[in-house]
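Working through the structure, step by step
Chain residues, written in single-letter form:
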Amino acid sequence: MRKRYATFALLFALTLATVMTLPIFAQVLPGNVTSTAMLQSRSSDMIAQVPTAPTAKRPNVVLLATGGTIAGTGATSTTTAGYQAAKLPVTALINAVPELKNIANVTGEQVLQIASENMTNEGLLKLADRVNAVLAKPDVDGVVITHGTDTIEETAYFLNLVTKSEKPVVIVGAMRPATALSADGPLNLYNAVAIAGSPAAVGKGVLVSLNDQISAAREVTKTNTTSLNTFQSPDLGYLGYVELGKPYFYRTSTRKHTTATPFTVTPTTKLPQVDIIYGYGNNSPVLLNAAVADGAKGIVYAGVGDGSISVQLEPAAIAARKKGVIIARSARAGSGRVVRNGEEKDDEYDFIVADNLNPQKARILLMLGLIITNDTKALQDMFYTY
Ligand code: SIN
């Protein structure tokens, strides 16, 4: 009798599960997946199935969308490379996660719609302007930014330096497009909204969250071309985790950020040209000289080892500095500090070191620093402070 009851219960559960999931899978399977309309209709089916939690007061979170893989679509559900980033609009991203309604009142705005390798200084300034404007509204509790993962760390660090609010700012992306099997975007977005709406995230600076992890904008970097676990903070680690709609923090970054920096920008701010020159064997001065001739005000050198500059390149770097170009030594090694007056005579050549910022983040800080000063001592202090 018990066995018959168990078999019946199992059959009933299987039938129910099939009936509930068929419409969803029918819309995400190959041949059907790529249209925004379908993803939107899929999400409205799901909204009907997700009961809204009877929470009295939910935080108001604004989603600023900029494109990337999280808004990407592929030709089939197994297209996890060679898909098109930045296709779905912000409404589709929000509607695809009806569970957001349980943790926040989410509204959206499309600020950019780009693959993040196409991010420009103008794009950074536009985004910063929207972040500051939205956070200035008294009824907004936090901001989530959807962004491509390729340059997410640069945008995150830029915003970490120019956002003038203590309210949470969480940048989120995805490694798989929205149409892929096991797309990571929807849960990443849910997690990001949970963090942005949490009082625990206030005053922590700009945060990056993917794969259930929370990282500091200054420290996090993309370490793997395709893995879901690509984001790491070398040597220092995550700030915490996000699970079941709640962030858990274990540490904070000690470097100053947001309201504690002197950096303010507007959409019309002119960010000075700062280029990155890579160190490698048989280095030649050609690219550094070209950057200087092109008007670079700063050069970030992604040096070998502890930021060493080859004898072939060093005279060009010294000559550039004599022309007024700031030379910041960073390292291509992927972690660790560049030691001032270690591998180079920084005092004598009037170079600065990037501390433990990777080259792409050193470029962000040097651009912002150069708006304020050309003084190498003041710029060096900034690299030890922010
Ligand atoms: C991009 O950065 O826009 C494409 C890659 C990604 O988002 O993962």
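The structure presented is a predicted model; accordingly, all values stated were derived computationally and were not measured.

Calculation rules
Residues numbered from 1 in each chain as written. Predicted model: local features only at pLDDT ≥ 70, side-chain atom pairs only at ≥ 80, totals over all residues. Helix = DSSP H or I, 4+ residues; strand = E, 2+ residues; numbered from the N terminus. Buried ≥ 20, exposed ≤ 12 C-beta atoms within 10 Å, placed from the backbone. Pairing = 2+ DSSP bridges. Axes fitted to C-alpha atoms, helices over the stretch in contact; angles between N-to-C directions. Expected span 1.5 Å × (residues − 1). Near = placed C-beta within 6 Å. Nonpolar A, V, L, I, M, F, W, Y, C, P; charged D, E, K, R; others polar. Right-handed = clockwise from strand over helix to strand, strands pointing away. Contact = placed C-beta atoms within 7 Å. Core = buried A, V, L, I, M, F, W, Y, C linked by C-beta atoms within 7 Å. Domains from an automatic or database assignment. Parallel < 35°, antiparallel > 145°, perpendicular 65-115°, else oblique. Left-handed = near helix turned anticlockwise from the far one by under 90°. Arc of directions from axis to C-beta. pLDDT = per-residue confidence, 0-100.

**Here's the deal with the overall build of the protein chain**
- Secondary structure assignment for the protein chain yields 11 helices and 14 strands.
- Expressed as a percentage of its 386 residues, the buried residues of the protein chain come to 46%.

**Topic: the sheet that holds strand β4 (residues 169-172)**
- Ordered in space as β2-β1-β3-β4-β5-β6-β9-β10, the eight strands form an open sheet in which the pairing is mixed. Looking at the sheet topology across the chains shown, the edges are occupied by β2 (105-114) and β10 (246-249). Ignoring which end each strand starts from, the neighbouring axes of this sheet average 25 degrees apart.
- In this structure, strand β6 (residues 213-216) lies alongside strand β9 (residues 240-243), joined through two bridges in antiparallel fashion.

**Concerning unusual backbone geometry**
- Positive phi, close to 40 degrees, is recorded for Thr258, a residue that is not glycine.
- Secondary-structure assignment places Thr258 in the loop between β10 and β11 (274-278).
- Given 22 C-beta atoms within 10 Å, Thr258 falls into the buried group.

**A word on helix α10 (residues 359-372)**
- With 14 residues, α10 ought to run about 20 Å at 1.5 Å a step, and its terminal C-alpha atoms sit 20 Å apart, in line with that.
- Most of α10 is tucked away, with 10 of its 14 residues classed as buried.
- Three or more residues of α10 are buried, namely Pro359, Lys361, Ala362, Arg363, Ile364, Leu365, Leu366, Met367, Leu368 and Gly369.

**Some points on the site of the ligand**
- Lining the immediate environment of the ligand, one finds Gly68, Thr69, Ala85, Ala115, Ser116, Glu117, Gly148, Thr149, Asp150, Gly173 and Met175.
- Residues of the shell around the ligand, tallied by class, amount to three nonpolar, six polar and two charged.

**What about the pairing of strand β3 (residues 142-146)?**
- Counting buried residues along β3, five of its five residues qualify, which places the element largely inside the surrounding structure.
- Here β3 shows a buried face lined by Gly142, Val144 and Thr146 and a second buried face lined by Val143 and Ile145.
- Relative to β3, strand β1 (residues 60-67) runs parallel, the two sharing five bridges. Looking across to β3, one finds that Ala65 is bridged to Thr146.
- Following the chain from β3 across helix α5 (residues 152-162) to the adjacent parallel β4, one finds a crossover that is right-handed.

**Looking at the sheet that holds strand β13 (residues 326-331)**
- With parallel pairing, the four strands of this open sheet are ordered in space as β11-β12-β13-β14. Two strands close off the open sheet at either side, each with one partner strand: β11 and β14 (352-353).
- Of the pairings in the sheet, the one linking strand β12 (residues 298-303) to β13 comprises six bridges and is parallel in character. From the neighbouring strand, Ala302 faces β13, where its bridge partner is Ser330.
- Relative to the sheet, α10 contacts β11, β12 and β13, its axis offset from that of β12 by approximately 160 degrees.

**Side note on the nonpolar core**
- Counting 104 residues, the largest nonpolar core has Leu93, Val143, Val144, Val193, Leu207, Val300 and Leu365 as the members making the most contacts within it.
- Here this core spans two domains, since at least three of its residues come from each of domain 1 (39-259) and domain 2 (273-385).
- In this view, Val193 contacts Val61, Leu100, Ile103, Ala104, Val106 and Val144; residues no more than four positions away in its chain are not counted.

**Remarks on the packing of helix α4 (residues 121-135) against α5**
- One way to put it is that α4 packs onto α5 with a least axis distance of 10 Å and a crossing angle of 50 degrees. Viewed along their axes, α4 and α5 adopt a mutual orientation that is oblique. Our pair here, α4 against α5, has a crossing hand that is right-handed. From α4, Leu124, Leu127, Ala128 and Val131 reach across to α5, where they touch Thr155, Phe158, Leu159 and Val162.
- For the contact of α4 with α5, a count of residues per class yields seven nonpolar, one polar and no charged.

**Brief notes about helix α11 (residues 376-385)**
- Turning to α11, its buried residues number three or more, namely Gln380, Met382 and Phe383. Across the axial projection of α11, the buried residues extend over an arc of 155 degrees, all falling on one side. Turned more than 90 degrees away from the buried face of α11 sit Lys377, Ala378 and Tyr384, all of them exposed.
- Packed against the buried residues of α11 are β14 and α10.

**With respect to the confidence of the model for the protein chain**
- Across the protein chain, the average pLDDT comes to 90, with 85% of residues at or above 70.
- Within the model, the stretch residues 1-48 combines pLDDT values under 50 with 40 contacts to residues more than four positions away or in other chains.

**A closer look at the packing of helix α7 (residues 286-293) against helix α8 (residues 314-322)**
- Packing of α7 against α8 leaves a shortest axis separation of 9 Å and a crossing angle of 15 degrees. Overall, the two elements α7 and α8 adopt an arrangement that is roughly parallel. The interaxial crossing formed by α7 with α8 has left-handed handedness. Contacts from Leu288, Asn289 and Val292 of α7 reach α8 at Ala316, Ala317 and Ala320.
- Of the residues that constitute the contact of α7 with α8, the class distribution is five nonpolar, one polar and no charged.

**Re the environment of Ile276**
- Within the secondary structure layout, Ile276 lies in strand β11.
- Considering only alpha carbons, one finds Ile276 and Ile299, 23 residues apart in sequence, at a separation of 5.8 Å.
- Once you skip the residues sitting within four places of it in the chain, Ile276 turns out to touch Val300, Ala302, Pro359, Gln360 and Arg363.

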